[in-house]
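# Descriptive analysis of the structure
Each chain, letter by letter, is given below.
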Amino acid sequence: MTKKIKKTKKSNPSILSRRDILRIAGATGTAALITGLVTSGPLSPDAVEGIKRDSNGHGAELGEHLWNMVIDLEKCIGCQYCIWACQAINDVPEDKMRWNVGFPERTENGTDFFMTRPCLHCQDAPCVKVCPVGATWIREDGIVAMDYDRCIGCRYCQVACPYDARRFNWKVSEEENPYQPTWGSAEVERRSRGVIEKCTFCVHRIDRGLQQGLMPGIDQAATPACVNACPVGARIFGDVNNPESPISVYLKQNDTFRIREDFGTEPKVHYVRPETKEA
């Protein structure tokens, strides 16, 4: 008996569907392939309508404000209040999904300190470059924003981020938030299954505060929760476009560094080094 071979309709090899891309990415697990597929052509961020970008596709043209943060590792006492406040305000009940992470660290010279890291809101953000649907972009004020309704959960941005600042929501969390109400009440909706989550600099507070005539970094109601929660003033937030803002003055008076500046990502989070122990 002759076996019949089922004929299939040939598809255009020059066009890849989103499902094709996800299948290839899952099979290979390589960031290089993912980046190659989505940084040019019809799937590139430049091809996505409705998102404002500059001529190079690296983000929006900067506007009136440019929000930055300083984390003073010398002052930080490792209390984790900033982490818990972030989880409460942004309704992140699971520790493994933290947007603002922290951990004990030690310098090469033996100085112990507590390292904390939110999203660094890079001006030349790799995550923005690889998103095939424009679900993440750079606002005019420098904040790397997320549109959770637009996100398709491909996780390209998570692979591209060199700072491990993004979390993928594998399931709808129905757990009670153990950090509420002690560290605050939820001010944003809990995200749905299948999207990438990240620190937003509490953008909802910033936007609402500006509308009310408040200044982020000065008025608590308009300032990120992590900054307000710090009991020792180790976090400073504000507008670096304003030379008289507290953060601009602080940056002029103190030596700071940014994580892996050699990447060329231009992070908007600056750090003060912990004091080095004398040999």
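Every value quoted in this text rests on a predicted model; they were computed, and no experiment measured them.

A separate point is the pairing of strand β3 (residues 112–117). Burial analysis of β3 places five of its six residues in the buried class, which makes it a mostly covered element. In this structure, strand β2 (residues 101–106) lies alongside β3, joined through six bridges in antiparallel fashion. Residue pairing for β3: Gly102 is matched across the bridge by Thr116.

The next subject is unusual backbone geometry. Omega for the bond connecting Gln180 with Pro181 falls within 30 degrees of zero, at 0 degrees, which places this linkage in the cis form. Residue placement: Pro181 occurs in the loop between β6 (166–168) and β7 (196–198). Its identity is not glycine, yet Arg260 carries a phi of approximately 45 degrees, on the positive side. Structurally, the position occupied by Arg260 is in the loop between α8 (246–253) and β9 (269–272).

Inspection of helix α6 (residues 203–211) places Val203, His204, Arg205, Ile206 and Gly209 among the buried residues, and these make up the whole buried set. Downstream of α6 by one or two residues, Gly213 has phi in the positive range, about 80 degrees.

In this model, the protein carries an average pLDDT of 83, and 76% of its residues clear a pLDDT of 70 or more. When the criterion is pLDDT under 50, residues 1–45 qualifies, and its contacts beyond four places in sequence or with other chains add up to 39 contacts. Of the regions scoring below 50 in pLDDT, residues 48–60 engages in 34 contacts with residues more than four places distant in sequence or in other chains.

Among the residues of α8, Ile247, Ser248 and Tyr250 are the ones counted as buried. On an axial view of α8, the arc spanned by its buried residues comes to 160 degrees, and they lie on one face. Away from its buried face by more than 90 degrees, α8 exposes Lys252 and Gln253. Considering only its buried residues, α8 is in contact with β1 (67–72), β8 (235–239) and β9.

Quick look at the side chain of Arg117 now. Its place among the elements puts Arg117 in strand β3. Here Arg117 sits buried without a salt bridge, and the closest side chain of opposite charge, Asp164, lies 4.7 Å off (N-O distance). Engagement of the side chain of Arg117 in a polar contact is seen with the backbone oxygen of Asp164, the distance being 2.8 Å. When sequence neighbours within four positions are dropped, the list of residues in contact with Arg117 reads Trp99, Asn100, Val101, Tyr163, Asp164, Ala165, Arg167, Ile259 and Tyr271.

Two side chains that carry opposite charge are able to pair once their charged atoms sit near each other. Summed over the entire model, instances satisfying the criterion amount to 14 salt bridges. A salt bridge links Glu94 to Lys171; the nearest nitrogen and oxygen atoms lie 3.0 Å apart. One end of the pair, Glu94, is in the loop between α3 (81–89) and β2; the other, Lys171, is in the loop between β6 and β7, with 77 residues separating them in the sequence. Taking relative accessible area as the criterion, Glu94 reaches 11% and is therefore assigned buried. Taking the shortest distance from any N to any O, the salt bridge between Asp262 and Arg260 comes out at 2.6 Å. A relative accessible area of 56% places Asp262 in the exposed class. Several salt bridges share partner residues, and in doing so they unite Glu94, Lys96 and Lys171 into one network.

Right, let's talk about the side chain of Ser173 for a bit. Here Ser173 lies in the loop between β6 and β7. Note on Ser173: relative accessible area 12%, which makes it buried. Side-chain polar atoms of Ser173 contact the side chain of Glu94, separated by 3.4 Å. If near-sequence neighbours (up to four positions away) are discounted, Ser173 is found in contact with Pro93, Glu94 and Arg190.

A few words on the environment of Val92. Along the chain, the position of Val92 falls in the loop between α3 and β2. For the pair Val92 and Glu197, spaced 105 residues apart in the sequence, the C-alpha separation amounts to 9.6 Å. Residue contacts for Val92: discarding those within four places in its chain leaves Gln87, Met97, Arg98, Trp99, Asn177 and Arg191.

Now for the sheet that holds β9. Reading across from one edge, β8-β1-β9 is the order of the three strands in this open sheet, with mixed pairing throughout. Edge positions in the sheet fall to β8 and β9, since each of these pairs with one other strand and no more. Adjacent strand axes in the sheet meet at a mean angle of 20 degrees, parallel and antiparallel pairs treated alike. With five bridges joining them, β1 and β8 adopt antiparallel strand pairing.

The rules we used
Residues numbered from 1 in each chain as written. Predicted model: local features only at pLDDT ≥ 70, side-chain atom pairs only at ≥ 80, totals over all residues. Heavy atoms only, no water. Buried < 20%, exposed > 50% of the residue type's maximum accessible area, 1.4 Å probe, protein only. Helix = DSSP H or I, 4+ residues; strand = E, 2+ residues; numbered from the N terminus. Pairing = 2+ DSSP bridges. pLDDT = per-residue confidence, 0-100. Contact = heavy atoms within 4.5 Å. Arc of directions from axis to C-beta. Lys, Arg positive; Asp, Glu negative; His and termini not counted. Salt bridge = Lys/Arg side-chain N within 4 Å of Asp/Glu carboxyl O. Polar contact = N/O pair within 3.5 Å; in protein donor to acceptor, adjacent residues only side chain to side chain. Axes fitted to C-alpha atoms, helices over the stretch in contact; angles between N-to-C directions.

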